[in-house]
Amino acid sequence: MKEMRTGIERAKSTSGGAVRKAAITVLRGVDSGQTVDAALLPVSLTGTDRATLQWLVLGTLREFLSVQALSAKLLRKPWREEDADLGFLLSLALFELRHGQRPAFAVVNDWVEMTEAVKKPWARGLMNAVLRRYLREREVLDTALVDRDLGHPAWLAARLRAAYPQDWPAIAAANNSAPPLWLRVNTQRVDPGAYRRLLAEQGREAEGVTWSAAALCLPASVPVATLPGWDAGWVAVQDGAAQLAAHILAPREGERILDACAAPGGKTAHLWALGATRLDALDRSAERLNRVRETLERQGGEVHLQAADAAETATWWNGETYDAILLDAPCTGTGVIRRHPDIRLRRQPEDVAEAVAQQARLLEGLWPCLRPGGRLLYATCSVLPEENEEQIAAFVQRHSDARRMAHPLTGQRLPGQEDMDGFYYALLEKDACA
Ligand SMILES: C[S@@+](CC[C@H](N)C(=O)[O-])C[C@H]1O[C@@H](n2cnc3c(N)ncnc32)[C@H](O)[C@@H]1O
């Protein structure tokens, strides 16, 4: 609610037109296959305008499938392909009418104006009529929107229902809500207790966790530049579940550690902050590796970076084994849908098998790089058992020198549990006599 209110206050700003125009552009980008993060990146809006844009776009994507169904009821025929922008405009307008707090007449007028901005002035009357009809009939229309898949594509809903018959409604509810803002205090620059007091002085009450003093949770998103010491790298944005990785791997002094799939570097920087000074970070994407560089510049850390396919060890490994390896594997991202709502639209059933094959290939490739007695932390931000429990069970079955290590923070975490993202962790140890 807090985030919603903030968003709406911002939508009243004089630059509202620019925000609405940018929102249409971002949805167009997502529709053409971009991630929402990539589509947001080139938008030059900052501060409160950017926060409003994110509220509009992420909220609309979170309920895109329901809003599509609503649009279909309101329109006599679907939009022609060349009029796709009008579909995005209508979805955004319906989202604001359903969840915003500005007067309905202002919302309708402002979005109707946008027909000019997308160069479809002929649609002005139609858009006005459709939005006003929604307002007149909203009770009936909203009630008729019964969606047994709870805003998810049918294939994904079926998989989640099958894997989690009890938890499925809670998973769907978490996926459909705005996440809180998790912060990780950079303990090398500021004391977490002192940082929490600085937040309190701003009127921001952060919740803590038992397993890390540096993990703080604010109930709703805020423009990060307004956080104390943001520019000085005192704090990073990182979900609580993602922060578990470095605590589970728990670097020990002098250990040689590999972060095999490192970009954009959130966990690399955290490992460094927890004392991993002999750290190698790999990522297949040279472009994404630049983001690791930027992350380390902001938060501090000296790490050896290399662009390589981690599974192709002949191309990057000098044969010296590692004491510990973090494999934060590429996955379907089905645990972080609340944070990346475009995932539910972009992901296809065949992506699951592809992710499972990649993960198995990475596990196989990296296992020889671990010294006997060393540990490997396998992580995904997925909730699908084939990428997680089943993947690790099969790996342990194939490798007699691999065994699971008991750890209270490992296992499957579902989205929304303790206000965190959905994540999976398994800690493996290599037989010391191997
Ligand atoms: C889940 S993200 C990692 C997130 C990162 N650990 C963090 O905390 O910021 C997965 C990463 O794996 C990389 N990747 C995918 N396949 C890879 C491969 N075969 N070798 C190395 N990196 C790979 C992707 O480019 C992507 O950056």
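Please read these numbers as outputs of a predicted model, since none were measured by experiment.

Points about the pairing of strand β5 (residues 256-259)
- Because side chains alternate across β5, one face comprises the buried residues Arg256 and Leu258, and the other comprises Ile257 and Asp259, equally buried.
- Taken together, the four bridges between β5 and strand β6 (residues 278-283) define a ladder with parallel strand orientation. By the bridge assignment for β6, Ile257 is matched with Leu279.
- Where the polypeptide runs from β5 across helix α13 (residues 266-273) and back to β6, its parallel neighbour, the crossover connection is right-handed.
- Pairing of β5 with strand β8 (residues 322-328), which is carried by three bridges, proceeds in the parallel orientation. Directly across from Asp259, in β8, lies its bridge partner Leu326.

Brief notes about the packing of aromatic side chains
- Applying the stated criterion across every chain yields a total of four aromatic pairs.
- The ring of Trp111 carries Arg20 above its face, with NZ or CZ at 6.0 Å from the centroid.
- For Arg298, the ring lying beneath its charged end belongs to Trp230, and the centroid distance is 3.9 Å.

A closer look at the UniProt feature "domain: SAM-dependent MTase RsmB/NOP-type" (unreviewed entry) in the protein
- UniProt tags residues 171-431 as "domain: SAM-dependent MTase RsmB/NOP-type" (unreviewed entry).
- Along residues 171-431, the helical share is 30% and the strand share 23%, with 37 Å between the first and last C-alpha atoms.

Describing the nonpolar core
- Core analysis: the biggest nonpolar cluster contains 51 residues, and Leu249, Leu377 and Tyr425 have the highest contact counts within it.
- Ignoring sequence-local partners within four residues, the contact set of Leu377 consists of Ala245, Ile248, Leu249, Ile325, Leu326, Leu327, Tyr425, Ala426 and Leu427.
- Judged by nonpolar contacts, the second largest core, of 45 residues, contains Val30, Val36, Leu74 and Tyr134.

Quick look at the side chain of His399
- Mapped onto the elements, His399 comes out in the loop between α17 (389-398) and β10 (402-404).
- For His399, a relative accessible area of 14% puts it in the buried group.
- If we skip the residues at most four places from it in the chain, His399 touches Glu364 and Trp367.

So, the pairing of strand β12 (residues 423-430)
- Taken across its eight residues, β12 has eight buried, putting it largely inside the fold.
- Neither face of β12 is exposed, since Phe423, Tyr425, Leu427 and Glu429 on one face and Tyr424, Ala426, Leu428 and Lys430 on the opposite face are all buried.
- Direction of pairing for strand β9 (residues 370-380) relative to β12: antiparallel, over a ladder of six bridges. Considered in β12, the bridge of Tyr378 is made with Ala426.
- The pairing of β10 with β12 spans three bridges and is classified as antiparallel. Bridged to Arg403 within β12 is Glu429.

Focus on the domain arrangement of the protein
- We note that the domain assignment places domain 1 (2-144), domain 2 (181-237) and domain 3 (240-430) within the protein.
- Placing the centre of domain 2 and that of domain 3 at their C-alpha centroids yields a distance of 25 Å.
- Between domain 2 and domain 3, roughly 1400 Å² of surface is buried when both sides are summed, and carbon and sulfur atoms account for 46% of that area.
- On the surface where domain 2 and domain 3 come into contact, there are zero salt bridges.
- There are 10 residue pairs in polar contact (both at pLDDT 80 or more) connecting domain 2 and domain 3.
- Secondary structure elements with two or more residues in the side of domain 2 that touches domain 3: β1 (181-185) and β4 (235-237).
- When residues of the side of domain 2 that touches domain 3 are assigned to their parent elements, the largest contribution, three residues, is made by β1.
- Classifying every residue of the side of domain 2 that touches domain 3 by side-chain character gives nine nonpolar, five polar and two charged.

Cut-off values and rules
- Residues numbered from 1 in each chain as written.
- Predicted model: local features only at pLDDT ≥ 70, side-chain atom pairs only at ≥ 80, totals over all residues.
- Heavy atoms only, no water.
- Buried < 20%, exposed > 50% of the residue type's maximum accessible area, 1.4 Å probe, protein only.
- Helix = DSSP H or I, 4+ residues; strand = E, 2+ residues; numbered from the N terminus.
- Pairing = 2+ DSSP bridges.
- Right-handed = clockwise from strand over helix to strand, strands pointing away.
- Phe/Tyr/Trp six-rings, centres within 6.5 Å; stacked < 30°, edge-to-face > 60°.
- Lys NZ or Arg CZ within 6 Å of the ring centre and 35° of its normal.
- UniProt positions renumbered as here; feature names shortened; annotations may be inferred.
- Core = buried A, V, L, I, M, F, W, Y, C linked by side-chain atoms within 4.5 Å.
- Contact = heavy atoms within 4.5 Å.
- Domains from an automatic or database assignment.
- Buried area = accessible area lost by both parts, 1.4 Å probe.
- Salt bridge = Lys/Arg side-chain N within 4 Å of Asp/Glu carboxyl O.
- Polar contact = N/O pair within 3.5 Å; in protein donor to acceptor, adjacent residues only side chain to side chain.
- Nonpolar A, V, L, I, M, F, W, Y, C, P; charged D, E, K, R; others polar.

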